[in-house]
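Okay, here's what each chain looks like letter by letter:
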Amino acid sequence: MKTLTVLSDTHGNRSLFEKLDVIFSESDFIVHLGDTSSDGYFISKKYPGKTVVINGNCDPVKLGEGEKVLDVEGVKIFACHGHRYGVKQTLVKLAARAKELGCKIALYGHTHDAREDVIDGITLLNPGTGNRYSEKSYIYLIINGEKAVHKIVPIV
């Protein structure tokens, strides 16, 4: 069994990392989906080797990757910021890209709205934002064999 903590769109609000530190420490992976990748880089300094940093459209300094496929216990997960796939209009392009890459799950940000959808057998998960744009939240994802369970968790 592996656990992932997934964040996006923190936009410099590093104060919330203190609130999440216990979750970060117990997670097998921490995934920051961009905007601001420097926040993800900040987390990776404390938790090297288990932090994945993705660049977003508001990241002037690119400290992560544009997108990445993670293999967690045989479950392939596509991680991106989402802006290149037009996620504010539709999730169809994102689902198609994840399927093309053989992934069961796609993680994305950009919209600042936490949500979960299934399109063409692909589970699409957005952790929301870690800043003032809407209610703060993250996703806690558990992979156990081929089974994946997730929860959108408010940050209070």
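Higher on the page you've got the structure.
Report follows, based on the coordinates. Given the structure is predicted, the values throughout are model-derived calculations rather than measurements.

## Some points on the packing of aromatic side chains
Then, number 1: On inspection of all chains with the given rule, the structure shows 4 aromatic pairs.
Then, number 2: Judged by centre distance (5.9 Å) and plane angle (85 degrees), the rings of phenylalanine 78 and tyrosine 85 are edge-to-face.
Then, number 3: Here the aromatic cluster, defined as three or more aromatic residues joined through ring pairs, consists of Phe17, Phe24, Phe42 and Tyr47.

## Quick notes on the pattern of salt bridges
Then, number 1: This model, assessed by the stated rule, comprises 7 salt bridges.
Then, number 2: Between lysine 68 and glutamate 65 there is a salt bridge; the shortest N-O distance is 3.4 Å.
Then, number 3: Between lysine 99 and aspartate 120 there is a salt bridge; the shortest N-O distance is 3.0 Å. Pair noted here: lysine 99 is in helix H3 (residues 92-100) and aspartate 120 is in the loop between strand S7 (115-119) and strand S8 (122-126), with a separation of 21 residues, a long-range link.
Then, number 4: Taking relative accessible area as the criterion, aspartate 120 reaches 56% and is therefore assigned exposed.

## Brief notes about the sheet that holds strand S2 (residues 29-32)
Then, number 1: In spatial order, the strands read S3-S2-S1-S9-S10; together these 5 strands make up an open sheet with mixed pairing. Strands with a single pairing partner mark the edges of an open sheet, and in this sheet they are strand S3 (51-53) and strand S10 (147-154). Each strand axis lies, on average, 20 degrees off the axis of its neighbour in the sheet, ignoring direction.
Then, number 2: Two elements, strand S1 (residues 2-7) and strand S9 (residues 137-144), share 5 bridges in a ladder whose sense is antiparallel. Bridge pairing links threonine 3 to isoleucine 142 in S9.
Then, number 3: Its contacts with the sheet put helix H1 (residues 15-26) on S1, S2 and S9, and the angle it makes with S1 is roughly 160 degrees.
Then, number 4: With respect to the sheet, helix H2 (residues 37-46) is in contact with S1, S2 and S3, its orientation differing from that of S3 by roughly 160 degrees.

## A look at the sheet that holds S7
Then, number 1: In space, the 5 strands of this open sheet follow the order S4-S5-S6-S8-S7, with mixed pairing throughout. Two strands in the sheet have a free side with no partner beyond their single neighbour: strand S4 (67-72) and S7. Pairwise comparison of adjacent strand axes, ignoring direction, gives a mean angle of 20 degrees for this sheet.
Then, number 2: With 6 bridges connecting them, S4 and strand S5 (residues 75-80) associate as antiparallel partners. Within the sheet, the bridge partner assigned to valine 69 lies in S5 and is phenylalanine 78.

## Comments concerning the environment of arginine 115
Then, number 1: Within the element layout of this structure, arginine 115 appears in strand S7.
Then, number 2: Classification of arginine 115 as partly exposed rests on a relative accessible area of 38%.
Then, number 3: Remark: the alpha-carbon pair of arginine 115 and valine 75, spanning 40 residues in sequence, is separated by 20 Å.
Then, number 4: Once you skip the residues sitting within four places of it in the chain, arginine 115 turns out to touch Leu91, Tyr108, Leu124, Leu125, Asn126 and Ile152.
Then, number 5: A polar contact of 2.6 Å, which involves the side chain of arginine 115, links it to the side chain of aspartate 117.

## Looking at the state of the cysteines
Then, number 1: A full pass over the atoms with the stated rule returns 0 disulfides.
Then, number 2: Free cysteine: cysteine 58, not disulfide-bonded; nearest cysteine sulfur from cysteine 80 at 15 Å.
Then, number 3: Classification of cysteine 58 as partly exposed rests on a relative accessible area of 42%.
Then, number 4: Note on cysteine 80: no disulfide assigned, nearest cysteine sulfur contributed by cysteine 103 at a separation of 10 Å.
Then, number 5: Cysteine 80 sits in the buried class, given a relative accessible area of 2%.

Basis of the calculations
Residues numbered from 1 in each chain as written. Predicted model: local features only at pLDDT ≥ 70, side-chain atom pairs only at ≥ 80, totals over all residues. Heavy atoms only, no water. Phe/Tyr/Trp six-rings, centres within 6.5 Å; stacked < 30°, edge-to-face > 60°. Salt bridge = Lys/Arg side-chain N within 4 Å of Asp/Glu carboxyl O. Helix = DSSP H or I, 4+ residues; strand = E, 2+ residues; numbered from the N terminus. Buried < 20%, exposed > 50% of the residue type's maximum accessible area, 1.4 Å probe, protein only. Pairing = 2+ DSSP bridges. Axes fitted to C-alpha atoms, helices over the stretch in contact; angles between N-to-C directions. Contact = heavy atoms within 4.5 Å. Polar contact = N/O pair within 3.5 Å; in protein donor to acceptor, adjacent residues only side chain to side chain. Disulfide = S-S within 2.5 Å.

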